[in-house]
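Coordinates in review
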Amino acid sequence: MAENIDLVETAESTKTYLGFWIYIMTDCILFASLFAVYAVLHNNTNGGHSGQTLFSMPYALAETLILLTSSFTSGLTILAARRNNSKKVMLWMAITFFLGGLFLFLEVKEFNHLIQTGNSWRVSGFLSSYFTLVGTHGLHISIGLIWMAILVFFIFRNGLSKKTIKGLTLFNLFWHFLDVIWIFIFSVVYLMGHVGL
Amino acid sequence: MIYFAGILGLLNVSAFKHDIIQNVGVAVMGLSAIFAILIITYMKKWKWLFTEWLTSLDPKKIGLMYIFVAVLMLLKAGTDAGMMRLQQSISVGNNQGFLSSSHYQQIFSAHGTTMIFFAAMGLMFGLINIGVPLLIGARDVAFPFLNSVSFWLFVAGMILLNTSLAVGEFSGAGWLAYPPLSELQFSPSVGVDYWIWSLQIAGIGSLLSGINFIVTILKNRAKGMNLMKMPMFVWSVFGSMTLVVLAFPILTVTITLLYLDRFLGMHFFTAGGGGNPMMYVNLIWAWGHPEVYILILPAFGIFSEIVATFSKKRLFGYTSMVWAIWAIVLLSFTVWLHHFFTMGSGSDVNGFFGIMTMVIAIPTGVKIFNWIFTMYRGRINFSSPMIYFMGFILLFSIGGVAGVLLAVPPVDFQLNNSLFLVAHFHSMIVSGVLFGYFAGITYWFPKIFGFTLKDIIGKYAAYFWIIGFIFAFVPLYILGIMGATRRMNHYSNDLGFQPLFIVAGLGVGIIGLGLFMQVLQIFVSIIKRKQLQDKTGDPWNGRTLEWSIKSPAPEYNYAILPEVKYRDQFWEDKQIRYKMTKKQFKNFNVPKNSYLGLVIAFLAFCVGFAAIWHILLLFIFGIVGILIAIIYRSLDENTLKMITFDDLTQEDKLRLKGSN
Ligand code: HEM
Ligand SMILES: [Cu+2]
């Protein structure tokens, strides 16, 4: 158990890491565009509700804390992987998956609530951009969940190898990135919406 | 609003009903496809096609397939251009011409979209695929499989666009589909959705290619080739791909939002409901202006290689060229507003963007002077690539001066949306982008096929293109000043436009001759390939690494990876009568073929088609299929094959023996 996995990077894996970083950057630009759109449209309520009346701070805060915790637990998978402890890796993965799933569930519930109370995306430019920005983040989270499931399957089947550890590292990058994006969503959409900026 | 309706969504019989001209188009395309299929079957070439080409991960082959598709699209969109020119030459006064206004709208939209996304981008990615690995002394790109996915997504987008000819109709909202016209309220048919999804699919392919080539350039260079020793073509691709990575996500977002407006009834760009159509115009040009530099930078790079090679001189001002490229990359994000000076920004904002636009002309001017200084006192070989280059310098400078003129906001208020603008951007994009890629194809053709193109026919082709261009577009500058607006399918007789329109029509005929010559050139060269054979691997007395290996280049490019000390390594080697140093041959891996790129692109096509026609089941099938394909690929441990000494070409073996 104690032997550490050799993490020396091969030429191939540095390429993958660089490529993935660049991909993350393109995703950053994608979100930046959506934020810009939200910034332009967030006052265009078209006679409907504004963020001030629609968003509940405690709810958004709960979502934030759940996602932050999941980021932490997903970081722990890497530590466990370094020690070549595949059981721990799977445990932390399971917890991360659960937290991510819970986050997604809360988000869908919030969306559903908004739609049920007559505040769907068809009401105003503000709501269109809200649903799209937050929904795109949610879509990324769903992809992350699928990715996690596949990784766990791999580790379960093949144990920890260079390949699975590479996958784990890339996944972590992705997941932390989504965390950062959410911090921005929390600040720009919920906090600023709450104070009516 | 209909989200999903039944098994077939919105698709029904009326989607297949067209007028006579469209039917002819569909028939021509359908018959050519059937003809091609029959020929391949008759010659029993399916297996060969599948194993040697369609599933290949060799970037040279992928590059060739890009160019093949792009040339088809060039011919198709060129036909569109011919139809528009014919219409405008005859549709005066009482004569309505042969195109209805709605059909005319679809034609200019299809022409612009096809030319930019499938002709120009295809030629560009084709040449990048062929050139970059060879020029940096590499065996492959960083992610060969991803490269094939990119290519097939490009093809899927292309097929989707052309499907609109037979099933439904294409967008009539111009090549950039400005709202509110492109919103459901004013464009209720599926046309705009076809536009959105063919760009979306091809655009994602481009984005992936952008990532792939940046990593290739940063990680796969030959030993000793530091950044400042890279050939100028590689620098220009680096700049262009950086722009792809920065700009294409904006396109993805913008057209997705337009689709959400149309499909889910959102209000991003609608005129009412709290939407903001101006925001679309800003977003699309935040991608669109960089896009024109994405297309032109690699063409600049090709000209840099060609001018140095054919003048037998080192490229003048290498460092300033590099700076110019990165200045352009940076500045191209600061000028987008010059596309809509007239849309209410106020004079301060207009002034700023006008000045920035003039500033971006400076690095471009630096490059032009560098090329001219490279030629100065060179021993110039006026082969067809150089003819294209000379045509480029002439026409591009005219177009550039017109561009600087348009950058002055008060002038733009007069000329905006006129044919003057159309003449300007065609000057840039035909003489810059197309000529650059034509020259590049001629230049690298022998490295890929092992024989050169018959130069004399190439020269005729180049002259026809240049003269044809002058006839076709100089009248448009004049017409623009006379007040002729763009996108006009009919005008009144007393405006006096007709003579100039007829001249422009003749010009397109001459360009057509140029195209014919290019096709002829390929056929003649294939027939005479024995005489034209490139025995040395270095037909132009070249300077860069790719000319050090035999032609046609083998799948693995370099049996032994080269090492680099100088910028023009191969040239220096030739000066000192370079002898092979002793090097041990080591086995190496190249990627195996994979058909999954094809599969993923087919599924992406299904997703696009389903999204256009609101077919739920097909949509789910596509998405789930793509996921499964990706997972399947990542499970596959066995994606490489080994190249041993026995696999090398005869020539590589001899060379290795000689050096050992
Ligand atoms: C080969 C010679 C070409 C000819 C004769 C030609 C001709 C034309 C004509 C007649 C129009 C319509 C002008 C109008 O609005 O009335 C047009 C528009 C356009 N062309 Fe070309 N073209 C050529 C090549 C290209 C190339 C190579 C590209 C790009 C790579 C291109 C991109 C466009 C675009 C973007 C438009 C605007 C479409 C719109 O209004 O939405 N063209 N062209
Ligand atoms: Cu521009």
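Now for a quick tour of the structure. (Residues numbered from 1 in each chain as written. Chains lettered and ligands numbered in written order. Predicted model: local features only at pLDDT ≥ 70, side-chain atom pairs only at ≥ 80, totals over all residues. Heavy atoms only, no water.)

1. Remarks on the overall build of chain A
Test applied: Helix numbering and strand numbering both begin at the N terminus, where a helix is a DSSP run of H or I of at least 4 residues and a strand a DSSP run of E of at least 2. Here the term buried applies to any residue with accessible area under 20% of the maximum for its type, exposed to any over 50%, and partly exposed to those in between, with areas from a 1.4 Å probe on protein chains only. Between two residues, a contact is recorded if the distance between any of their heavy atoms is within 4.5 Å. Every accessible area reported is derived by Shrake-Rupley at a probe size of 1.4 Å, with residue values counting cover from the shown protein chains alone. Counted as positive: Lys and Arg. Counted as negative: Asp and Glu, with His and the chain ends omitted from the count. One atom stands in for each charge, and that atom is NZ of Lys, CZ of Arg, CG of Asp or CD of Glu.
The helix and strand tally for chain A stands at six helices and zero strands. The principal-axis extent of the C-alpha atoms belonging to chain A is close to 65 × 30 × 25 Å. Residues classed as buried in chain A amount to 50% of the 197 residues present. Sequence separation of 24 or more characterises 83% of the internal contacts of chain A that already satisfy a separation of 6 or more. Counting every atom, chain A has about 9100 Å² of accessible surface; 70% of that belongs to carbon and sulfur. In chain A, 11 side chains carry a positive charge and 9 a negative one; their mean positions are 8 Å apart.

2. Some thoughts on the overall build of chain B
Across its full length, chain B holds 19 helices and two strands. Counting only C-alpha atoms and orienting by the principal axes, one finds that chain B spans roughly 75 × 60 × 50 Å. Every one of the 660 residues in chain B was classed for burial, and the buried ones make up 58%. Counting every atom, chain B has about 26700 Å² of accessible surface; 70% of that belongs to carbon and sulfur. If you average the places of the 45 positive and of the 29 negative side-chain charges in chain B, the two averages end up 11 Å apart.

3. Remarks on the interface of chain B and chain A
Selection criterion: Simply put, the buried area is the total loss of 1.4 Å probe accessible area from both parts when two parts are fitted together. Salt bridges are counted wherever a side-chain nitrogen of Lys or Arg sits within 4 Å of a carboxyl oxygen of Asp or Glu. Under the rule applied, a polar contact is a pair of N or O atoms within 3.5 Å (in protein, one hydrogen donor and one hydrogen acceptor; residues adjacent in sequence only if both atoms are side-chain atoms). Nonpolar residues are Ala, Val, Leu, Ile, Met, Phe, Trp, Tyr, Cys and Pro. Charged residues are Asp, Glu, Lys and Arg, and all others, Gly as well, are polar.
Between chain B and chain A, the contact holds 35 residues from the first and 33 residues from the second. Summed over both partners, the interface of chain B with chain A comes to about 2700 Å²; 74% of that surface belongs to carbon and sulfur atoms. Our enumeration of links across chain B and chain A arrives at zero salt bridges. Connecting chain B to chain A are seven residue pairs in polar contact (both at pLDDT 80 or more). Within the residue set of the side of chain B that touches chain A, elements represented by two or more residues are helix H6 (191–219), helix H7 (232–264), helix H8 (277–311) and helix H18 (616–635) of chain B. It is H7 of chain B that provides the largest number of residues to the side of chain B that touches chain A, a total of eight residues. In terms of residue class, the side of chain B that touches chain A is made up of 24 nonpolar, eight polar and three charged.

4. Details of the site of ligand 1
Residues and elements named next belong to chain B. Convention followed: In these notes, residues near a molecule or strand are those with any non-hydrogen atom within 4 Å of it.
Taken together, 25 residues lie around ligand 1, and His111, Trp175, His426, Arg486 and Arg487 are the ones closest in. Between ligand 1 and Arg487 there is a distance of 2.6 Å, counted from an oxygen atom to a backbone nitrogen or oxygen. When contributions to the shell around ligand 1 are tallied by element, the ones reaching two or more residues are helix H3 (59–90), helix H4 (101–135), helix H13 (419–449) and helix H14 (455–482).

5. Digging into the coordination of the copper ion (ligand 2)
Residue and element names in this part refer to chain B. Condition: Think of the donor list as every N, O and S atom within 2.8 Å of the metal, or within 3.2 Å for Na, K and Ca; water never makes the list, so a site can look incomplete.
Donor atoms from the polypeptide that coordinate the copper ion (ligand 2) comprise His289 (ND1), His338 (NE2) and His339 (NE2), at 1.6 to 2.0 Å from the metal. Here the donor residues of the copper ion (ligand 2) are spaced in sequence according to H-x48-H-H. A residue pair is termed long-range when its members are at least 10 positions apart, and His289 in helix H8 and His338 in the loop between helix H9 (318–331) and helix H10 (347–375) qualify at 49 residues. Of the residues examined, His289 reaches a relative accessible area of 6% and is grouped as buried. On the basis of relative accessibility, which here comes to 15%, the residue His338 falls in the buried class.

6. Digging into H18 of chain B
Residue and element names in this part refer to chain B. Note the threshold: To estimate how far a helix should reach, multiply one less than its number of residues by 1.5 Å. By construction, the arc corresponds to the directions joining the helix axis to the C-beta atoms.
Helix length check: H18 (20 residues) gives 29 Å between terminal C-alpha atoms against 28 Å at 1.5 Å per residue, within 8%. Here H18 has its buried residues at Gly622, Gly625, Ile626, Ala629 and Arg633. For H18, the angular spread of buried residues about the axis comes to 100°, placing them on one side. Of the exposed residues in H18, the ones pointing more than 90 degrees away from its buried face are Leu617 and Ile628. Among the structural elements, helix H5 (144–166) and helix H17 (596–613) are those in contact with the buried residues of H18.

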